[in-house]
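Commentary on secondary and tertiary structure
Each chain, written out:
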Amino acid sequence: MGPGAPKALRLLGGEPLLVHAVRRAAAAPSVRMIVVAAPPADVDAVHALLAPVAPVTVVAGGAERQDSVAAALAVVPDDVGIVLVHDAARCLAPAELFEQVAATVRDGAGAVIPALPVTDTIKEVDPGERVLGTVDRSVLRAVQTPQGFSAPLLRAAHAAAADSHTDDAGMVEKLGHRVVCVPGSDFALKITRPIDLAVATHLLTLPPPA
Ligand SMILES: Nc1ccn([C@@H]2O[C@H](COP(=O)(O)OP(=O)(O)OP(=O)(O)O)[C@@H](O)[C@H]2O)c(=O)n1
Ligand SMILES: C[C@](O)(CO)[C@H](O)COP(=O)(O)O
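Everything numeric here is computed off the predicted structure, so don't read it as measured data.

Brief notes about the overall build of the protein chain
Of the regular secondary structure elements, the protein chain holds seven helices and eleven strands. For 210 residues, the compact-globule formula gives about 17 Å, and the C-alpha radius of gyration of the protein chain, at 17 Å, lands near that figure. Across the protein chain, the fraction of contacts at a sequence separation of at least 24, relative to all contacts at a separation of at least 6, is 62%.

Dropping the structure here:
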């Protein structure tokens, strides 16, 4: 995103991305507890920011996403059976997506991820940008959050993780456990570059997705 405030605190329609993300998570009827991992120095400030939005527990996050998820998971009570892991950067993921993911876990899938088909042609390249080949995109999916898990499975995956993973489902895959996809949402785009913020600003003007 370039220089400026931490991405989760950048403004979208006048409110921080994190506020949008928590509001939508809290609107999902299945969500009964929200844990936010924040930079250690900002725990109190993030709690104050979110208190008017929804009841939240705020913990100190880690250096990497995986560390932050582990820190948040550590305070989830043992009687919570399903955990959804979400990115603040996917701040417009609708409440309905949280529900769909939670319902699929509840129906018996241990690990559930929202995913969209890939629409570009994908090339594999070498370090010199020379094309090595064209990948069959029909078997590829672009994966989003919230990702949903049975809590014991997610805890086991984090406990076993020896290397770094870009998503939680990757750790579950490493355990050899099945991960299933549900249809993702265009509203769950990851805000990474300034253009994504421009797209999200437009999405805010649209009716909420059905
Ligand atoms: N130490 C970290 C880094 C990232 N995240 C979470 O992981 C999400 C996805 O990571 P990413 O978009 O890569 O966030 P950043 O690393 O903060 O941003 P960027 O890569 O755009 O610089 C973030 O929204 C945030 O919710 C986290 O909890 N702890
Ligand atoms: C979890 C994720 O959003 C799924 O696409 C993604 O892997 C996060 O990656 P990042 O490199 O931490 O942005």
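Considerations on the pairing of strand S8 (residues 131-135)
Burial runs low along S8: only zero of the five residues are buried. Where strand S7 (residues 122-125) hands over to S8, the hairpin turn is made up of five residues, of which Glu 129 adopts a positive phi near 70 degrees.

Here we look at the UniProt feature "site: Transition state stabilizer" (unreviewed entry) in the protein chain
If you check UniProt for "site: Transition state stabilizer" (unreviewed entry), the listed places come out as Lys 7 in our numbering. Here Lys 7 lies in the segment before strand S1 (11-12). On the neighbour-count criterion, Lys 7 (18 C-beta atoms within 10 Å) is partly exposed.

Topic: the site of ligand 1
Taken together, 15 residues are adjacent to ligand 1, and Arg 65, Ser 68, Asp 87, Ala 88 and Ala 89 come closest. Split into classes, the residues belonging to the shell around ligand 1 amount to six nonpolar, four polar and five charged.

Considerations on the UniProt feature "site: Positions MEP for the nucleophilic attack" (unreviewed entry) in the protein chain
Within the UniProt annotation, "site: Positions MEP for the nucleophilic attack" (unreviewed entry) is assigned to Arg 137 and Lys 190. Looking at where Arg 137 falls in the secondary structure, it is placed in the loop between S8 and strand S9 (141-143). Discounting chain neighbours no more than four positions away, the residues touching Arg 137 are Val 118, Thr 121 and Ile 122. Take Lys 190: it is sitting in the loop between strand S11 (180-183) and helix H7 (194-203). In this structure Lys 190 comes out as partly exposed when scored by C-beta crowding, with 17 C-beta atoms within 10 Å. Contacts of Lys 190, omitting those with residues within four sequence positions, involve Asp 87, Ala 89, Arg 90 and Asp 196.

The rules behind the values
Residues numbered from 1 in each chain as written. Chains lettered and ligands numbered in written order. Predicted model: local features only at pLDDT ≥ 70, side-chain atom pairs only at ≥ 80, totals over all residues. Helix = DSSP H or I, 4+ residues; strand = E, 2+ residues; numbered from the N terminus. Rg over C-alpha atoms; globule rule 2.2 N^0.38 Å. Contact = placed C-beta atoms within 7 Å. Buried ≥ 20, exposed ≤ 12 C-beta atoms within 10 Å, placed from the backbone. Pairing = 2+ DSSP bridges. UniProt positions renumbered as here; feature names shortened; annotations may be inferred. Near = placed C-beta within 6 Å. Nonpolar A, V, L, I, M, F, W, Y, C, P; charged D, E, K, R; others polar.

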